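Okay, here's what each chain looks like letter by letter:
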Amino acid sequence: MGLFWRRKKEEFISLGLSAPDESVEQARIEEAAQVEQVAQWRAESAPVVAEPEVAEPVTAEPETVEPVGIPVEQWAAEAAKLFEPPSRAGARPATAGAAKKQIDESTLEELEEALIGADIGVQTTLEIIEDVRRQVSRQTLKDVEELKRVIKGRLLEILERAERARGVASESSVGEDARPYVLMVVGVNGTGKTTTIGKLANRIKADGYDVLICAADTFRAAASDQLAIWAERAGVPLIQQKQGTDPAAVLFDSLKAAKARNADVLIVDTAGRLHTKTNLMAELDKMKRVAGREVQGAPHETLLVVDAVTGQNGLSQAREFLKVANVTGLVLTKLDGTAKGGIAVAIAKDLNLPIRYCGIGEKADDLVVFDPKAYVDGLFE
């Protein structure tokens, strides 16, 4: 089970997408209750078979007692209902002899359109479709349900391979002697970068760690004010200076403050920038050098915030930021809207970058650990 943030504590806060499937747990509880209910039925009333009516004899006999319990046929029917698999509850009964839908060219065309529409990427989509065609021709893939399982497996494989390839898939992979743990957040304006920082601070503090926020976005007007609101909500100290101050200088002061306070984590906001702005990207490189001089190995993690609605442009952003900022992970935001967010698969495949978190709303706790399986299942809803 994935956890939110872990460095040295033994108890952690578990979040939604990483929690066990509630439907599976509920099914287990329901099944146990069903078994108990049937056992109770058997104990209280043994099934009886209704006897044909017999004419009463002329001689007086004790009054016949009606059988107590449920007729066998009714009992069996009720028991069958109880043990019906939960996943099939409410499902429409299959027509007798009905065959599963077969895979034909129109099915593959619909699949290709759906994958591209979800921003999986043209190249990845074509590779998947070609693989499916080969399996269909060899008759190892015959129906649509099986096809869906194959596609899910391929996408899950891409995402899990990225977690093992490079970057930081878990903060626990960085030694505990890294103090403060410097987490730098980069991205284009409007992607939800400031909101993500506020949510991160809130959740990491909730896990029992001392957190500081560095307001190094001195380029955008009111950026520090917006971050101050989130810092106040989370109850986390904010280190900031006036607008126009050298961001590297703000970071230097924040690192000194974090050391003096013996803070566990320093989250660094950076100026929202387009990946085409070379001067701002050079400034980002300078901040990275300053962090490395003050704390060994810093920044330990650099998260790129990408708007899920951005589509394939998010891939271009990630590629350019990777060159300068040494991005180690991705935060996918605005998944509470209409975006399918398939861009995560494209980035994972092309750049081997792990997706660390997902933003699913505007509340302070609407940030969850990325769960590849839950994500892939969501693409097919």
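Residues numbered from 1 in each chain as written. Predicted model: local features only at pLDDT ≥ 70, side-chain atom pairs only at ≥ 80, totals over all residues. Heavy atoms only, no water.

1. Considering helix α4 (residues 122–137)
One turn of the α-helix equals 3.6 residues, which is why residues spaced by three or four share an orientation.
Working step 1: Between its terminal C-alpha atoms α4 stretches 22 Å, which fits the 22 Å expected from 16 residues at 1.5 Å a residue.
Working step 2: Next to the buried residues of α4 lie α3 (105–117), α5 (144–165) and α11 (343–351).
Working step 3: Positive backbone phi, approximately 60 degrees, marks Gln139, located one or two places after α4. (Helix = DSSP H or I, 4+ residues; strand = E, 2+ residues; numbered from the N terminus. Expected span 1.5 Å × (residues − 1). Contact = heavy atoms within 4.5 Å.)

2. Observations concerning the pattern of salt bridges
Working step 1: Going through the model one piece at a time under the given rule, you end up with 19 salt bridges.
Working step 2: In this structure, Asp269 engages Lys193 in a salt bridge whose closest nitrogen and oxygen atoms are separated by 2.7 Å. Taken as a pair, Asp269 in strand β4 (residues 265–269) and Lys193 in helix α6 (residues 193–206) lie far apart in primary sequence, 76 residues in all. Comparing Asp269 with Lys193, the two get one shared label, buried.
Working step 3: The closest approach of N and O atoms between Arg220 and Asp217, which form a salt bridge, is 3.7 Å.
Working step 4: Connected through shared salt-bridge partners, Asp131, Arg134 and Arg154 make up one network. (Salt bridge = Lys/Arg side-chain N within 4 Å of Asp/Glu carboxyl O. Buried < 20%, exposed > 50% of the residue type's maximum accessible area, 1.4 Å probe, protein only.)

3. A few points about the packing of aromatic side chains
Working step 1: Across all of its chains, the model carries 1 aromatic pair by this definition.
Working step 2: Stacked on the ring of Trp230, the Lys or Arg Arg233 has its end atom at 4.6 Å from the ring centre. (Phe/Tyr/Trp six-rings, centres within 6.5 Å; stacked < 30°, edge-to-face > 60°. Lys NZ or Arg CZ within 6 Å of the ring centre and 35° of its normal.)

4. Some words on the sheet that holds strand β3 (residues 238–239)
Working step 1: Strand order in the open sheet formed by 8 strands is β3-β2-β4-β1-β5-β6-β7-β8, and the pairing between neighbours is mixed. Here the strands that pair on one side only, and so sit at the sheet edges, are β3 and β8 (367–369).
Working step 2: In this sheet, β3 lies alongside strand β2 (residues 211–215) in parallel orientation, the contact comprising 2 bridges. Bridging from a neighbouring strand, Ile213 pairs with Leu238 of β3. (Pairing = 2+ DSSP bridges.)

5. Structural notes on the confidence of the model for the chain
Working step 1: When pLDDT is averaged along the chain, the result is 76; 71% of the residues meet or exceed 70.
Working step 2: Segment residues 9–21 is flagged for pLDDT under 50; beyond a separation of four residues in sequence, or across chains, it makes 33 contacts in the model.
Working step 3: A low-confidence stretch, residues 46–50 (pLDDT under 50), is modelled with 10 contacts involving residues beyond four sequence positions or located in other chains. (pLDDT = per-residue confidence, 0-100.)

6. Topic: the pairing of strand β5 (residues 301–307)
Working step 1: Burial within β5 is extensive, with 7 of its 7 residues counted as buried.
Working step 2: Side chains of β5 alternate between two faces, with Glu301, Leu303, Val305 and Asp307 and Thr302, Leu304 and Val306 buried alike.
Working step 3: Of the strand pairs in this sheet, β5 and strand β6 (residues 329–333) are connected by 5 bridges, and their pairing is parallel. Opposite Leu303, over in β6, you have Gly329 as the bridge partner.

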